[in-house]
Amino acid sequence: MVTTEPAEATASETRPPGFHIRWGWFLGCIAAGLVAIVIGWFVAAPAGRINYLTGLLLNVGTTLLLLGIVVLLERRIVDNAVRKFRNAADEARARMRDDFRIDVQDFTDRVNAEWATASPEDVEAMKERTKRLSKELADSYVDETLKAHDVDEKPEQ
């Protein structure tokens, strides 16, 4: 059954493909870190617990700093690079589409001008010429598209 109503997006459809959080590992790391901190607290001598707490806070601060630099900054750099490449591809497709529209309009104008001056006796010859010119336009567009996408051979028609 085909419906024309938009389908509701599920949670799995809203995530980008390939993005998956491994919650077991995530929660396991947090638990292991907290256990290590508690064990360190009890292993440290009561007189050295202030130094232990100072070192712990220093390490937590360093870890958060590195997290911010490595993960968040790297993510922004990658996202910007992906966006630029995607925009470049969209712009190239738009240029190709515009060029093709111009070529088709030029072709249409040229064929209309030729048909306007054709006599009734030339109809069959004009049909053949129009068919040949149409094929040449399509072939040139396919060749340009293949060249733009670095494809070596024409697809089967």
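Scoring rules and cut-offs
Residues numbered from 1 in each chain as written. Predicted model: local features only at pLDDT ≥ 70, side-chain atom pairs only at ≥ 80, totals over all residues. Heavy atoms only, no water. Helix = DSSP H or I, 4+ residues; strand = E, 2+ residues; numbered from the N terminus. Buried < 20%, exposed > 50% of the residue type's maximum accessible area, 1.4 Å probe, protein only. Contact = heavy atoms within 4.5 Å. Areas by Shrake-Rupley, 256 points an atom, 1.4 Å probe, with all protein chains shown as cover. Patch = residues over 30% accessible without salt bridge, like charges linked within 9 Å, V, L, I, M, F, W, Y side chains within 5 Å. Salt bridge = Lys/Arg side-chain N within 4 Å of Asp/Glu carboxyl O. Polar contact = N/O pair within 3.5 Å; in protein donor to acceptor, adjacent residues only side chain to side chain. Axes fitted to C-alpha atoms, helices over the stretch in contact; angles between N-to-C directions. Parallel < 35°, antiparallel > 145°, perpendicular 65-115°, else oblique. Left-handed = near helix turned anticlockwise from the far one by under 90°. Nonpolar A, V, L, I, M, F, W, Y, C, P; charged D, E, K, R; others polar. Phe/Tyr/Trp six-rings, centres within 6.5 Å; stacked < 30°, edge-to-face > 60°. Lys, Arg positive; Asp, Glu negative; His and termini not counted. Charge placed at Lys NZ, Arg CZ, Asp CG, Glu CD. Expected span 1.5 Å × (residues − 1).

Moving on, we come to the overall build of the protein chain. Secondary structure summary: the protein chain contains 4 helices and 0 strands in total. When the helices and strands of the protein chain are read in sequence order from the N terminus, they spell out α-α-α-α. Split into buried and exposed, the 157 residues of the protein chain put 7% on the buried side. Considering only contacts within the protein chain whose residues lie at least 6 apart along the sequence, 25% involve residues at least 24 apart. Carbon and sulfur atoms make up 63% of the accessible area of the protein chain, which amounts to about 13,700 Å² in all.

Quick look at a nonpolar patch on the surface now. Together, Val60, Leu64, Leu65, Leu66, Leu67, Ile69, Val70, Val71, Leu72, Leu73 and Ile77 make up a nonpolar patch on the protein surface, roughly 1,000 Å² of accessible area in all. In this structure, Ile77 sits in helix 3 (residues 49-117).

Below, the discussion takes up the environment of Thr130. Here Thr130 is to be found in helix 4 (residues 123-148). Placed 15 residues apart in sequence, Thr130 and Trp115 show a C-alpha to C-alpha distance of 9.2 Å. With sequence-adjacent residues up to four places away left out, Thr130 is seen in contact with Phe107, Val111 and Trp115. Here the side chain of Thr130 touches Trp115 through a polar contact of 2.9 Å, side chain to side chain.

Packing of helix 2 (residues 23-43) against helix 3 leaves a shortest axis separation of 9 Å and a crossing angle of 155 degrees. Classed by the angle they form, the pair helix 2 and helix 3 counts as roughly antiparallel. By crossing handedness, the relation of helix 2 to helix 3 is classed as right-handed. Residues Ala36, Ile37, Gly40, Trp41 and Phe42 of helix 2 form the contact with helix 3, whose own contacting residues are Arg49, Tyr52, Leu53 and Leu56. Tallied by class, residues from the contact of helix 2 with helix 3 come to 7 nonpolar, 1 polar and 1 charged.

Here we take up the packing of aromatic side chains. Summed over the entire model, instances satisfying the criterion amount to 2 aromatic pairs. Between Trp23 and Phe26, the aromatic rings sit 5.5 Å apart at their centres with planes inclined by 90 degrees, giving edge-to-face as the arrangement. Of this pair, Trp23 and Phe26 both sit in helix 2, 3 residues apart, which is roughly one turn of the helix.

With that settled, the discussion passes to the pattern of salt bridges. The full count for this structure, using the stated rule, is 6 salt bridges. Linking Arg93 and Asp90 is a salt bridge whose minimum nitrogen-to-oxygen distance equals 2.5 Å. With Arg93 and Asp90 both in helix 3 and 3 residues apart, the pair spans about one turn of that helix. Judged by its relative accessible area of 36%, Asp90 falls in the partly exposed class.

On to a negative patch on the surface. Negative charge collects at one region of the surface, where Asp99, Asp103, Asp106, Asp109 and Glu144 lie side by side. With 4 residues, the top contributor of residues to the negative patch is helix 3.

What sets the pattern is the α-helix's 3.6 residues per turn: residues three or four places apart point alike. Over its 69 residues, helix 3 runs 100 Å from end to end, which matches the ideal 102 Å to within 8%, given 1.5 Å per residue. The complete set of buried residues in helix 3 reads Leu56, Phe107, Val111 and Glu114. Looking at the buried residues of helix 3, the elements they touch are helix 2 and helix 4.

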